[in-house]
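# Topology and contacts: notes
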Amino acid sequence: MKNLPLLFCGIFFALAFSFTGLILSSNIQLGSLTQTTEMQDENGNNMEGETLYPLTAPGLAQQGKQVYIEMGCIYCHTQQVRRAGFGADVERNWGPRASVARDYILQDRVLLGTMRTGPDLMHVGGRPLNKDWHHLHLYNPQITSPGSTMAPFAFLYETREIDGAPSANALKFPPNSEYSPEAGYEVVPTRRADALVEYMLSLKLDYSLPEAPIAE
Amino acid sequence: MSEAPQINSQSASPYSSNDAEVRAELSEIDASIRTSALFFTVSAIFWLLAGTVFALITAYKAHEPSFMGDSALSTFGRMRSAHLNAMALGWGNNIIFAVGLWIMARLCRSPIRHGGLLLIAGIFWNIGLTVGIVGIIMGDITSVEWLEIPHYATPLLALSYALIGVWGVMAFKFRKGEHVYVSQWYILAGLFWFPWLYIVAQIMIIWFPARGVVQSVTNWWFAHNVLGLWLTPMALATAYYLIPKVLGRPIYSYYLSVLGFWALAIFYNWAGVHHLIGGPIPVWLISAGIVASIMMVIPVIVVGLNHHMSVVGLHKEVWRSPTLRFVVFGAISYTLVSLIGSSMAVRSVNEITHFTHFTVGHAHHGVYAFFSMIMFGGVYYMMPRLLKREWPSAGLIKLHFWGSAIGISVMLFALHVIGWIQGVQMNDATIPFLEIVQNTIPWLKARTISGVFLTVAHIAFAVNFFWMLFAAGAVRAKQGPTLLDSAKEEGVA
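Let me begin by describing the structure that accompanies this report. Per chain, residues are indexed from 1 in the order of the written sequence. As a convention, the first chain written is A and the first ligand written is 1, with the rest following in written order. Given that the model is predicted, a residue must reach a pLDDT of at least 70 before its local features are reported, and side-chain atom pairs must reach 80 or more before they are shown or counted; all residues, however, enter totals for whole chains, interfaces and linings. Only hydrogens and water are set aside when side-chain values are computed; all heavy atoms of the structure are taken into account.

Each helix is a run of H or I in the DSSP string that is no shorter than four residues. Each strand is a run of E no shorter than two, and both are numbered from the N terminus. Working rule for helices: expected span equals 1.5 Å times residues minus one. The first and last C-alpha atoms of helix α1 (residues 4–30) of chain A sit 38 Å apart over 27 residues, in line with the 39 Å expected at 1.5 Å per residue. What we call the bend at a residue is the angle made by axes fitted to the seven residues finishing there and the seven residues starting there. For α1(A), the principal kink sits at T20(A) and spans about 35 degrees.

Following this line, the structure appears as structure tokens:
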């Protein structure tokens, strides 16, 4: 190989080719996606007066997403549902439909993830798990999911002496739980734990999109 | 004791060339790059050890979740990311800057200019990386895979990297001689590709986030190309340089090396989208990634054939040379990991392996069994020439080799097997999720044990290295190179 201009051109165009083909063209195709109503009229316009999806997450949930990012939850949990028939995501109730590009357009940081050491969380807010469950699960996963390999996030909680009446937001341990605090003490979530649980509850895929209707 | 057979006297290896002029020239080049190459190698070894510690913590936490669980500093996600960045950008990049640039300088047949620039860039690279990894542990992790380093450290990394890249192109510009060897194409291309990938990914994901899943497409275009267009070309360049050097005969086919290079350049950079198979992006993008992944079979077979034909018949020499023992292990792994990778891009296979430990195993197959093993070989070859000393202990080299070889084999076996089981079971909704989690535990313990083997190997490597660096190997120079055959046959070797 002696023709150096040719070598340089080849090196340049090889990467320029995929940069154009994958990055720029997906940006052209997806970069202008906007919120829509669940159904559109025959001209492809949004129905007047109906809710636009995906929803904007409430402020506390946004903060919770930041906690999710800081703790590195993405390394064990995905946020994407594969279509029915490809994997068992829908059968496992990880979501009523496949997630599509439009579901993520409001996110400054997209957390699709690549590893399912734990279950997918795209629709975790739509599962029958309430705030109390989430707090106990974060405090110590063994309480709600014995045998789980998820780490306890007890450092997001504060164990303190009960001063007068127990706090309303204290964790509600199951009776005789080996993980309950000593008598006279209670475990309360910090603001970060509250935010993280709020984020969990905000993750829902319970709406249809024109290109991804939920099958009845 | 006879050295490797001298089939081709054109080779400029000190082991195989009797041409005093060539040796004097190489010696001058080595002297010109010695300071920076040593700096990068020392840095690389420190990062290798740091990355190993993070790896052990991560692996142990995977089956003992409450281990070091009292602090946000040591969550699984942060330890894993500290491990990944310490290994990829600390060990990987530093050792590339050491071995790759040294090979570049030698092949350009000209003592390097502006060595100080290289050294300064290297110091800033390592400062930036230290800040970045401390940032990850402190909680400023971005949670974007392969780009976890927080935004306040990345500009420094990009800048110091750019300086190193510019240096590489300059070295190339001031080369002597007409012919450009295949290793030079790979190194030049890698030096050019990596900053492009890194800067685009930083801009489109961190600084000015693109809309929605365009970020994910960019993320995997980047992350897969760190392997494909950065680590892979550098390791292949090293193998292409070392195999003929040590064996003293030219590479089997020039035409195969041309074909292998261009097929890699054209196909590899499209392949990354296969990380999003089944994901929320348009199907045509995924299909493009799958096609490219399958096409990668061409450069892999071509390079594998070329390397194999270059060593065929000389297996004894390969086994005896510390350099080639590692390099050939790496070259064989390249063929295997790439073929497995291509098949993982097939939709029906990916449906199972995606989201499982199979992928984790595959990543280690590429970055460790292929890239790192070849780079270990590069260090074993480079250091005696830089220091004019020999490796003090053949025993430690053997310990390194066997620790690495056994450790990575156990890890790959465990992660591939359990990854597959995990994938099949996850796709059967009748199996409770927690049962699948339980099934992985024994295999994850096996991975931790494999990590102990790797730790021993890395400590042996580091001890031998610093022992040599601090002069103990000086005596060995008089006895000839440190080789790995048994003392009975070869004398002290």
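Each side of the interface is counted separately: chain B has 88 residues, and chain A has 73 residues. Buried area, as used here, totals the accessible surface that two parts lose on assembly, with accessibility defined by a 1.4 Å probe and the loss added over both. Across the chain B/chain A interface, buried area totals approximately 6,700 Å², and carbon plus sulfur atoms make up 68% of it. Contact with chain A buries surface across chain B, with R211(B), W270(B) and F355(B) losing the most and accounting together for 12% of the total. By definition, a salt bridge exists where a carboxyl oxygen of Asp or Glu is found within 4 Å of a side-chain nitrogen of Lys or Arg. Our enumeration of links across chain B and chain A arrives at zero salt bridges. The greatest single-element share of the side of chain B that touches chain A, amounting to 11 residues, is contributed by helix α5 (residues 182–207) of chain B. For this scheme, ten residues count as nonpolar: Ala, Val, Leu, Ile, Met, Phe, Trp, Tyr, Cys and Pro. Four count as charged, namely Asp, Glu, Lys and Arg, and the remainder, Gly too, count as polar. Along the lines of polarity and charge, the residues of the side of chain B that touches chain A split into 51 nonpolar, 26 polar and 11 charged. Any two residues whose heavy atoms approach within 4.5 Å are treated as being in contact.

This part is about a nonpolar patch on the surface. Residues and elements named next belong to chain B. In this scheme, patches are assembled from residues that exceed 30% relative accessible area and form no salt bridge. Like charges are connected within 9 Å, while nonpolar side chains (Val, Leu, Ile, Met, Phe, Trp, Tyr) are connected within 5 Å. All accessible areas in this document rest on Shrake-Rupley with a 1.4 Å probe, and a residue is counted as covered only by the protein chains that are shown. Together, I120, I123, F124, I127, V131 and Y152 give the surface a local cluster of nonpolar side chains, amounting to about 500 Å² of exposed area. With respect to the helices, strands and loops of the structure, I127 is situated in helix α3 (residues 115–140). We call a residue buried when its accessible area falls under 20% of the maximum for its residue type, exposed when it is over 50%, and partly exposed in between, using a 1.4 Å probe and counting protein chains only. By relative accessible area, which is 40% here, I127 ends up partly exposed.

To pair, rings of Phe, Tyr and Trp, with the six-membered ring standing in for Trp, must have centres within 6.5 Å; the planes then decide the type, stacked if under 30 degrees apart, edge-to-face if over 60, and tilted in the middle. Evaluation of the coordinates by the stated rule reveals 51 aromatic pairs over all chains. Each ring, one from F12(A) and one from F192(B), has its centre 6.3 Å from the other, and the planes form 55 degrees; the classification is tilted. Here F12(A) is found in helix α1, whereas its partner F192(B) is found in helix α5 on a different chain. Here F192(B) falls in the partly exposed class, since its relative accessible area comes to 34%. Ring pairing ties together the aromatic residues W91(B), W319(B), F326(B), F329(B), Y368(B), F376(B), Y380(B), W391(B), F401(B), W402(B) and F461(B), which thus form one cluster. As a reminder, the over-ring test applies to NZ of lysine and CZ of arginine, requiring each to be within 6 Å of the ring centre and within 35 degrees of the ring normal. Against the face of W319(B) rests R325(B), its NZ or CZ located 3.8 Å from the ring centre. Between R385(B) and the ring centre of Y381(B), over which it is positioned, the NZ or CZ distance is 3.6 Å.

Looking now at unusual backbone geometry. Cis geometry is adopted by the peptide bond preceding P54(A), which originates at Y53(A) and carries an omega value of -5 degrees. Look at S143(B): it is not a glycine, yet its phi comes out positive at around 60 degrees. The phi dihedral of K388(B) is positive, around 55 degrees, even though this residue is not glycine. Within the fold, K388(B) resides in the loop between α13 (357–387) and α14 (394–426).

With respect to the helices and strands, G139(B) occurs in helix α3. Separated by 11 residues in the primary sequence, G139(B) and P150(B) have C-alpha atoms spaced 9.1 Å apart. For G139(B), the contacting residues outside a window of four places in its chain are E70(A) and R78(B).

Residues and elements named next belong to chain B. Taking 1.5 Å of rise per residue, the 37 residues of helix α15 (residues 433–469) would be expected to cover 54 Å, and the 52 Å separating its terminal C-alpha atoms lies within 8% of that figure. In α15, a bend of some 35 degrees at I441 exceeds every other bend along the element, and P442, a proline, comes one to four places later. Phi turns positive, to about 80 degrees, at A471, one or two residues after α15.

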